[in-house]
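What follows is the residue order along each chain.
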Amino acid sequence: MILLRKLSTNLTSLQSNKSVTCSCCGHKMESLPLSVRKWTCPVCSAGLDRDVNAAINFRQQGMIKLRAEGLSVPANGGLRQSGHKPVAA
Ligand SMILES: [Zn+2]
């Protein structure tokens, strides 16, 4: 529980930068008005949706923090589904 609280605090403190930091190359925009929902990174030319970009950055940062705490993170980021399929009764 303490670990989760610590991670939550750390993620919250980084929240303000997540939507303006390119999830492809890490470039941080100096300023980006909240009204701008889609933007193009001037460094790598990636087209980014502000909310999706922030979500990707949160996920990446969370995985880094979990690894730093010595917790395992699946190589696929937990996206692969289990090979066990539910069987109908
Ligand atoms: Zn970029």
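Residues numbered from 1 in each chain as written. Predicted model: local features only at pLDDT ≥ 70, side-chain atom pairs only at ≥ 80, totals over all residues.

Engineer: What exactly am I supposed to notice about the overall build of the protein chain here?
Structural biologist: A count of helices and strands for the protein chain gives two helices and two strands. Seen in sequence order, the protein chain has helices and strands lined up from the N terminus as α-β-β-α. Excluding contacts between residues fewer than 6 apart, the proportion of contacts in the protein chain whose partners are at least 24 apart in sequence is 38%. (Helix = DSSP H or I, 4+ residues; strand = E, 2+ residues; numbered from the N terminus. Contact = placed C-beta atoms within 7 Å.)

Engineer: What am I meant to see in the environment of cysteine 44 here?
Structural biologist: By the element assignment, cysteine 44 lies in the loop between strand E1 (38–40) and strand E2 (47–49). Using a count of 12 C-beta atoms within 10 Å as the deciding quantity, one classes cysteine 44 as exposed. Sequence spacing of cysteine 44 and glycine 26 is 18 residues, and the spatial spacing of their C-alpha atoms is 9.5 Å. Not counting chain neighbours up to four residues away, the residues in contact with cysteine 44 comprise Cys22, Cys24 and Cys25. (Buried ≥ 20, exposed ≤ 12 C-beta atoms within 10 Å, placed from the backbone.)

All we've got here are geometric facts, nothing functional implied.
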